[in-house]
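Residue strings, one per chain:
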Amino acid sequence: MLIVDVRTPEEYAQGHLKGAILIEYQNILSEIFAHIQSKDDHIGLYCAAGMRSGFAAHVLTDHGFTNAVNLGSYLDLLHQNPALK
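Note that the structure is a prediction, hence the values are computed from the model and not measured.

**Notes on the environment of L84**
Item 1. Considering the arrangement of structural elements, one finds L84 in the segment after helix 4 (74–80).
Item 2. The partly exposed category is assigned to L84, whose relative accessible area is 30%.
Item 3. Excluding its chain neighbours within four sequence positions, the residues that come into contact with L84 are H16, L17, K18, L77 and L78.

**Things to note about the packing of aromatic side chains**
Item 1. Across all of its chains, the model carries 3 aromatic pairs by this definition.
Item 2. Between F33 and F65, the ring centres sit 5.6 Å apart and the planes meet at 45°, which makes this aromatic pair tilted. One end of the pair, F33, is in the loop between helix 2 (28–31) and strand 3 (43–47); the other, F65, is in the loop between helix 3 (51–62) and strand 4 (68–73), with 32 residues separating them in the sequence.
Item 3. Judged by its relative accessible area of 46%, F33 falls in the partly exposed class.
Item 4. The exposure class of F65 is buried, given its relative accessible area of 3%.
Item 5. A ring pair is formed by Y46 and Y74, whose centres lie 5.9 Å apart and whose planes are at 20°; its orientation type is stacked. Separated by 28 residues along the polypeptide, Y46 in strand 3 and Y74 in helix 4 bring together distant segments of the chain.
Item 6. Residue Y46 is classed as buried on the basis of its relative accessible area of 0%.
Item 7. On the accessibility criterion, Y74 (8% relative accessible area) is buried.
Item 8. Sitting above the plane of the Y74 ring, R7 keeps its charged end 4.5 Å from the centroid.

**A short note on the pairing of strand 3**
Item 1. Within strand 3, 5 of the 5 residues are buried, which leaves it mostly tucked inside the rest of the structure.
Item 2. Residue alternation in strand 3 divides its side chains into two sets, I43, L45 and C47 and G44 and Y46, and both sets are buried.
Item 3. Across 5 bridges, strand 3 lies against strand 4 in parallel orientation. Across the sheet, residue Y46 finds its bridge partner in strand 4, namely G72.
Item 4. Taken together, strand 3, helix 3 and strand 4 constitute a β-α-β crossover, and its handedness is right-handed.

What counts and what doesn't
Residues numbered from 1 in each chain as written. Predicted model: local features only at pLDDT ≥ 70, side-chain atom pairs only at ≥ 80, totals over all residues. Heavy atoms only, no water. Helix = DSSP H or I, 4+ residues; strand = E, 2+ residues; numbered from the N terminus. Buried < 20%, exposed > 50% of the residue type's maximum accessible area, 1.4 Å probe, protein only. Contact = heavy atoms within 4.5 Å. Phe/Tyr/Trp six-rings, centres within 6.5 Å; stacked < 30°, edge-to-face > 60°. Lys NZ or Arg CZ within 6 Å of the ring centre and 35° of its normal. Pairing = 2+ DSSP bridges. Right-handed = clockwise from strand over helix to strand, strands pointing away.

Structure follows, in structure tokens:
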């Protein structure tokens, strides 16, 4: 699964999930194709609270992506699995 941090570059620099790439939520559609093979690839999106990642997942789904999932909050994900840092 491709893990995408949709926060700002400043937020990403302060800490992000291991292996996550940065694509700001407003750029998701224009930049995602550089990182995937097809619209059926599994994509997990997260941000600070889950709102921006929800928006990004919705945009991708509206454009035919079949496996784009909002993973929610960065801090919640770290709390659930500290090894992700």
